[in-house]
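Coordinate analysis (summary)
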Amino acid sequence: MATKTPNGRGDRLQVFRGTFIHSTDTSPLESLDAYIVGVNELGKIMFIDTADKDEELSVKWRFKRETIRVLQPRQEFFIPGLVDTHIHASQYPKMGSCLDLPLLQWLIKYTFPVEARFKDLKFAEDMYTKVVKRTLRNGTTTACYFATIHTDSSLKLCDVIDKFGQRAFVGKVCMDINDIYTEYKETTNESVKETERFVAELAKRKYPLVRPIVTPRFVPSCTSELLKQLGSFANANDLHIQSHISEARPEIDVVNNMFLNCKNYSDVYDVHGLLNDKTIMAHGVYLSDEELELFQKKGAGIAHCPNSNTSLCSGLMNVRNALNHKVNVGLGTDVSGGYSPSVLDAVRRAIDVSNILSLNTPGYEKLSYKEVFRLATLGGSKALGLDKLIGNFEVGKDFDAVLINTSVPNSPFEVFPEDTLMDIFQKFLFLGDDRNISEVYVAGKQVFPFAKS
Ligand code: GUN
Ligand code: FE
């Protein structure tokens, strides 16, 4: 056993031997079978090589071959940590319920009231602990969270994420318009000042893996003045930005009526300084080609949230068109507009939507399961601007990884002798769940199974 350092990673190299399945820029799916991967005490991948080189590697990197963790062939394999590019931690209490209304009515009847409850720090801590544990056990190593308008409660979410070792962006939600559920909004000034306080307080905590993200809720909830000030603040401090865009037709009508001088929804964000290479926008179901070109030019990413888009009957997003425009696309669960906390579910829903679009879109090229797996990992990391750090198994990146075990008791699928490795991988992708996720690593540290406290 390696001695534990204060970061819990152990004071020397961790070495794994077995199968690693990931995506690269040139290949949507690459399977490294019989490979050996070394991870240093800072959680960085130091080497990746074929397993027959184990002796040379053990001399070069000074580890004992007996300490190599050997995965069971065909039964166990590593995939990169799953990236959830859009999730509302504060909607967790409603996850799996209240999906009978379209977006704007759903927000007023269910969503604003549940978010308002997060003013209560005890309630917030309890719910945030549940959502972070739930997503981690489902293999989400990186999440881009919306919290609520409450700064201290949003900081609680950061505390919980740090405690459990997930990698995340956290946004204190900003909204100064709410004509119907009037209890849940801020003044423009409060919203900006509290965002500044949130960012300053989070910086003081020095959490290594939790970063702030400036979060105007969406255009219908924000005055032009608020959007402008948030844009200036984000740009002055080089901060990431997240929001929603072009999710549902009635929402787009509201935006068009609010900003008569803007060309389109994307233009509204752009003129307020909110569309750049640190921006991730959720949904984008109805973005025009012109808007996708703007996204590409600015380097802004899209969080594709297929479960939410169908659950709230918002629409069917054409991901192929966004990819053809060279826009970075990741997957989002959008809990609780989406009813599942699992990025694997988002993979399946994305494939469903693409298949459905292919039925009535002449010339449409369906997304393959391999491409959608790339969206769930490397694509998400790019959409969040983290691809230098995570997204696949490359030397120099952090070891964010999920160990899959296909033969656990009660596994939701079976593996037969004639199955190829790609058959086994597909069975996991389409049928696997948290029962098959036996270990989760973030920056080399095992964060699941949870440490006994
Ligand atoms: N648009 C503005 N707020 C929300 C939200 O909480 N969920 C979804 N799906 N869309 C939104
Ligand atoms: Fe959302």
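Okay, so let's go over this structure.

**Description of the overall build of the chain**
The secondary structure content of the chain amounts to 14 helices and 17 strands. A compact globule built from 453 residues should have a C-alpha radius of gyration of about 22 Å, and the chain, at 22 Å, falls within 12% of that. Taking the principal axes of its C-alpha atoms as reference, the chain extends roughly 65 × 55 × 40 Å. Looking at the chain as a whole, 58% of its 453 residues qualify as buried. Here the contacts in the chain between residues at least 6 apart in sequence split such that 72% fall between residues at least 24 apart. With an accessible surface of roughly 18,400 Å², the chain has 50% of that area assigned to carbon and sulfur atoms.

**Describing the nonpolar core**
Judged by nonpolar contacts, the single largest core of 115 residues is most densely connected at Ile79 and Tyr145. In terms of residue count, helix α12 (residues 343–360) provides more of this core than any other element does, eight residues in total. Residues Phe20, Val39, Phe393 and Phe399 belong to the second largest nonpolar core, which totals 13 residues.

**What about the coordination of the iron ion (ligand 2)?**
Looking at the metal site, the iron ion (ligand 2) is ligated by His86 (NE2), His88 (NE2), His244 (NE2) and Asp334 (OD), spaced 2.0 to 2.3 Å from it. Viewed at the metal, the four donor atoms of the iron ion (ligand 2) are separated by angles of 89 to 173 degrees, and the geometry they form is irregular.

**So, the side chain of threonine 111**
Along the chain, threonine 111 falls in helix α2 (residues 103–116). For threonine 111, the residues in contact, after removing those within four places along its chain, are Gln91, Trp106 and Arg217.

**Thoughts on the packing of helix α4 (residues 151–164) against helix α5 (residues 188–205)**
At a closest axis distance of 10 Å, the pairing of α4 and α5 adopts a crossing angle of 30 degrees. As judged from the angle between their axes, α4 and α5 are roughly parallel. Seen along the crossing, α4 lies across α5 with a hand that is right-handed. Contacts between α4 and α5 involve Thr151, Asp152, Ser154, Leu155, Cys158 and Asp159 on the former and, on the latter, Glu194, Arg197, Phe198, Glu201, Leu202 and Arg205. Residues of the contact of α4 with α5, tallied by class, amount to four nonpolar, two polar and six charged.

**Some words on the packing of aromatic side chains**
Following the criterion strictly, the structure yields 21 aromatic pairs and no others. Among the aromatic residues, those joined into a ring-pair cluster are Phe16, Phe20, Phe78, Phe393, Phe399 and Tyr441. Geometry around phenylalanine 450 places lysine 133 over its ring, the cationic atom sitting 5.0 Å from the centre.

**A word on α4**
Taking 1.5 Å per residue as the helical rise, α4 with its 14 residues ought to reach 20 Å, and the 20 Å between its terminal C-alpha atoms agrees with that figure. Every buried residue of α4 is listed here: Thr151, Ser153, Ser154, Leu155, Leu157, Cys158, Val160, Ile161 and Phe164. On the buried face of α4, the contacting elements are α3 (121–137), β7 (140–146), β8 (167–171), α5, β10 (210–216) and β17 (445–448).

**Some points on the site of ligand 1**
If you check the shell around ligand 1, you find His88, Gln91, Leu103, Trp106, Leu107, Arg217, Phe218, His244, Glu247, His283, Ser308 and Asp334 and nothing else. In this structure, glutamine 91 approaches ligand 1 through a side-chain N or O atom, which is 2.8 Å from an oxygen atom. The side chain of aspartate 334 places a nitrogen or oxygen atom 2.7 Å from a nitrogen atom of ligand 1. In isolation ligand 1 exposes 280 Å². Once the protein is present, 100% of that is buried. Looking at the shell around ligand 1 element by element, the count peaks at three residues for α2.

**Topic: the side chain of histidine 304**
Summarising the element assignment, histidine 304 is placed in strand β13 (residues 301–304). Residues within four places of histidine 304 in sequence aside, it is in contact with Asn309, Met317, Val319, Val329, Gly330, Leu331, Gly332 and Ala350.

Reading guide: rules and limits
- Residues numbered from 1 in each chain as written.
- Chains lettered and ligands numbered in written order.
- Predicted model: local features only at pLDDT ≥ 70, side-chain atom pairs only at ≥ 80, totals over all residues.
- Heavy atoms only, no water.
- Helix = DSSP H or I, 4+ residues; strand = E, 2+ residues; numbered from the N terminus.
- Rg over C-alpha atoms; globule rule 2.2 N^0.38 Å.
- Buried < 20%, exposed > 50% of the residue type's maximum accessible area, 1.4 Å probe, protein only.
- Contact = heavy atoms within 4.5 Å.
- Areas by Shrake-Rupley, 256 points an atom, 1.4 Å probe, with all protein chains shown as cover.
- Core = buried A, V, L, I, M, F, W, Y, C linked by side-chain atoms within 4.5 Å.
- Donors = N, O, S within 2.8 Å, 3.2 Å for Na, K, Ca; no water.
- Tetrahedral: all angles 85-135°; square planar, octahedral: opposite > 155°, others 65-115°.
- Axes fitted to C-alpha atoms, helices over the stretch in contact; angles between N-to-C directions.
- Parallel < 35°, antiparallel > 145°, perpendicular 65-115°, else oblique.
- Left-handed = near helix turned anticlockwise from the far one by under 90°.
- Nonpolar A, V, L, I, M, F, W, Y, C, P; charged D, E, K, R; others polar.
- Phe/Tyr/Trp six-rings, centres within 6.5 Å; stacked < 30°, edge-to-face > 60°.
- Lys NZ or Arg CZ within 6 Å of the ring centre and 35° of its normal.
- Expected span 1.5 Å × (residues − 1).
- Near = heavy atom within 4 Å.
- Polar contact = N/O pair within 3.5 Å; in protein donor to acceptor, adjacent residues only side chain to side chain.

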